Amino acid sequence: MLLKVLVVILSVLVAGIAIICYTPLPTGIHDPVRTELFMGMMKLVTFVMKIRKFFGYGSFLNNVKILQNSIKLEGVLPSAKHGDVQVTREVIENVPVIIYRPNTASVVSPAMVYFHGGGWVLMTADDYDSTTYHFAKETNIVVISVDYRRAPQFPFPVPVQDCLVVTRYFLKNDLQFGIDVSKIGVGGDSAGGNLAAAVALALTREKSGLPSLKFQVLLFPVLQAFDLRLPSYVDMNDSMPILTTRIMAAYNSLYLGLEEGNTEYYSWLMSENQHIPPEMRTSKFAEFVSVKNLPKMFRTANRTATEITASYDQDVYNKIKDIIVDPLFSPLMSPNLTGLPTTFIHACEFDVLRDEALIYSKRLQDAGVKVKFHFGHGGYHGDILRMAPDFLWSESGRVAFSAVCNFITSVVQ
């Protein structure tokens, strides 16, 4: 009798978890079984956050620091155990970094300075150990992973300043780390892609006498917070739990320096574009993110946009009006994109950030920049990262990762 009761309880638990974790996937997603398992893990985390809120611990958006990992300054990383890449920790101008040098790399090697994703709020260089290790291993170049300071404790411009400090240091200290300063590039994913784009813009514009960057790698990058109702935001808003419009808006608000305790409100406001006054919608900045820069097939959303229920908030705009159009915060707000290094952009078909990557690619090409654009058919935000077990790594992610590595090796030859 007891065994039967236990079987029933176990069956109910399994069924309940399956219901909680199930995600109806868009038609065309690659590797639906792997993706369903990965998205299920994400939904389970979301469910735990909802339980916390129910018991009075506050919403995730208003308490995002509870998921922050601390930046580590010591300890052996898992990738070091493979033995084929030297993995060392350093502190560059007070910024912790992890340096990956393949055993077979040149004595004076090309390098990529890499900035991790996580909405400028979550994740660390340690969390990206597997991803950055594999980048170094597959490209046979040095990879420097930067543990920049994060919002909400350190909002804009602190993270990008940390990234600039580290990149400048390596551009002028070739002998110390055995790096060819004429072959240094920057890279990053999501918010890290934003930082990489901002660093490339800053270094291209400043007259420092430092060597020019050789390349930039932008993986599903965040490039603006001006318009969060582009077609990809409308179509992918709640179809892929890893990054929804509200979550992206929350990250933007924290990076902008808006109060963490009111993130739920700011996220709602920004997701409905009520953080910008109506007259800004016809300004030159609106042209920078216009759907006219998109391929025709993406200029119109397939779904109907949700009804706007928020009202324009002048007080919020007054706090962010200078930052929201600063190219170091929103690279798409730059009026001049000429002179930037050869660029690789990876955009995912099923990602709210898809359209801004497409727009940036076109604007770069219009400015005369060489661009290798990789469109991840069937891909989703984060698919390229090597964080989950390999059996959960989707085909779209494998293809994109290979494309990035091929680009880097071809550029630094």
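Going along each chain's sequence as written, the residues are numbered from 1 onward. With the structure being a predicted model, the display of local features is reserved for residues of pLDDT at least 70 and the display and counting of side-chain atom pairs for 80 or more, all residues being used for whole-chain, interface and lining totals. Note that water and hydrogens are dropped before the side-chain values are worked out from all heavy atoms of the structure.

Named according to an unreviewed UniProt entry, the protein chain is Arylacetamide deacetylase-like isoform X2 originating from Biomphalaria pfeifferi. The annotation that UniProt attaches to the protein chain under Sequence similarities (unreviewed entry) is "Belongs to the 'GDXG' lipolytic enzyme family." UniProt positions are given in the numbering used here, feature names are shortened, and annotations may be inferred rather than shown by experiment.

> Describe the layout of surface pockets, and please don't skip the residues or the numbers.
Considering only enclosed or pocket space, the second largest pocket measures out at about 220 Å³ in volume. Only α7 (231-236), α8 (245-256) and α9 (263-271) provide two or more residues apiece to the lining of the second largest pocket. Following the grouping adopted for this structure description, the nonpolar residues are Ala, Val, Leu, Ile, Met, Phe, Trp, Tyr, Cys and Pro, the charged ones are Asp, Glu, Lys and Arg, and the polar ones are all others, Gly among them. Residues belonging to the lining of the second largest pocket are distributed by class as follows: 5 nonpolar, 5 polar and 5 charged. Computed over the protein atoms alone on a 1 Å grid, cavities are sets of points where a 1.4 Å probe fits but cannot get out and pockets are open sets with protein on both sides within 12 Å along at least five of seven lines; a residue lines them when it has an atom within 4 Å of a point. Grid points are joined across faces, edges and corners, and a volume is the space filled by probe spheres set on the points. In DSSP terms, a helix is any run of H or I states spanning at least four residues, a strand is any run of E spanning at least two, and both are numbered starting from the N terminus.

> How would you explain the packing of α8 against α9 if you had to name every residue and give the values?
Note on geometry: axes are C-alpha line fits, over the in-contact stretch for helices, and angles between N-to-C directions span 0 to 180 degrees. Between α8 and α9, whose axes approach to 8 Å, the crossing angle comes to 115°. Considering the angle they form, α8 stands roughly perpendicular to α9. Crossing geometry of α8 relative to α9 is assigned as right-handed. Contact with α8, carried on its side by T245, R246, A249, A250, N252, S253, L254 and L256, involves T263, E264, Y266, S267, W268, M270 and S271 of α9 and no other residues of that element. By residue class, the composition of the contact of α8 with α9 is 7 nonpolar, 6 polar and 2 charged. Oblique is the label for every angle not falling under 35 degrees (roughly parallel), over 145 degrees (roughly antiparallel), or within 65 to 115 degrees (roughly perpendicular). Handedness of a helix crossing follows the sense of rotation of the near helix relative to the far helix, less than a right angle counterclockwise being left-handed and clockwise being right-handed. Here, residues are in contact when the closest pair of their heavy atoms is within 4.5 Å.

> How would you summarise unusual backbone geometry if you had to cite specific residues and measurements?
That bond from A151 to P152 is cis: its omega, 0°, falls within 30 degrees of zero. Structurally, the position occupied by P152 is in the loop between β4 (142-146) and α4 (158-172). For the bond from F156 to P157, the omega torsion is 10°, close enough to zero to count as cis. In this structure, N140 is a non-glycine residue whose phi angle is positive, near 60°.

> Give a detailed account of the packing of helix α3 (residues 129-139) against helix α13 (residues 395-411), specifying residues and quantitative values.
Their axes nearest at 9 Å, the elements α3 and α13 cross at an angle of 50°. The angle between the axes of α3 and α13 places the two elements in the oblique class. For the pair α3 and α13, the crossing hand works out as right-handed. In this structure, α3 uses T131, H134, F135, E138 and T139 to contact α13, whose residues at the interface are F401, V404, C405, I408 and T409. Considered class by class, the residues forming the contact of α3 with α13 number 5 nonpolar, 4 polar and 1 charged.

> Residue-level account of the pattern of salt bridges, with values.
Any carboxyl oxygen of Asp or Glu that lies within 4 Å of a side-chain nitrogen of Lys or Arg is treated as forming a salt bridge with it. Counted according to the given criterion, the structure contains 9 salt bridges. One salt bridge connects R246 with E264, and the closest N-O pair in it is separated by 3.5 Å. On the criterion of sequence distance, the pair formed by R246 in helix α8 and E264 in helix α9 is long-range, its members being 18 residues apart. A 1.4 Å probe rolled over the protein chains alone gives each residue an accessible area, and that area as a share of the maximum for its type sets the label: buried under 20%, exposed over 50%, partly exposed in between. On the basis of relative accessibility, which here comes to 29%, the residue R246 falls in the partly exposed class. Two residues, D355 and R354, come together in a salt bridge whose shortest N-O distance is 2.9 Å. A relative accessible area of 0% places D355 in the buried class.

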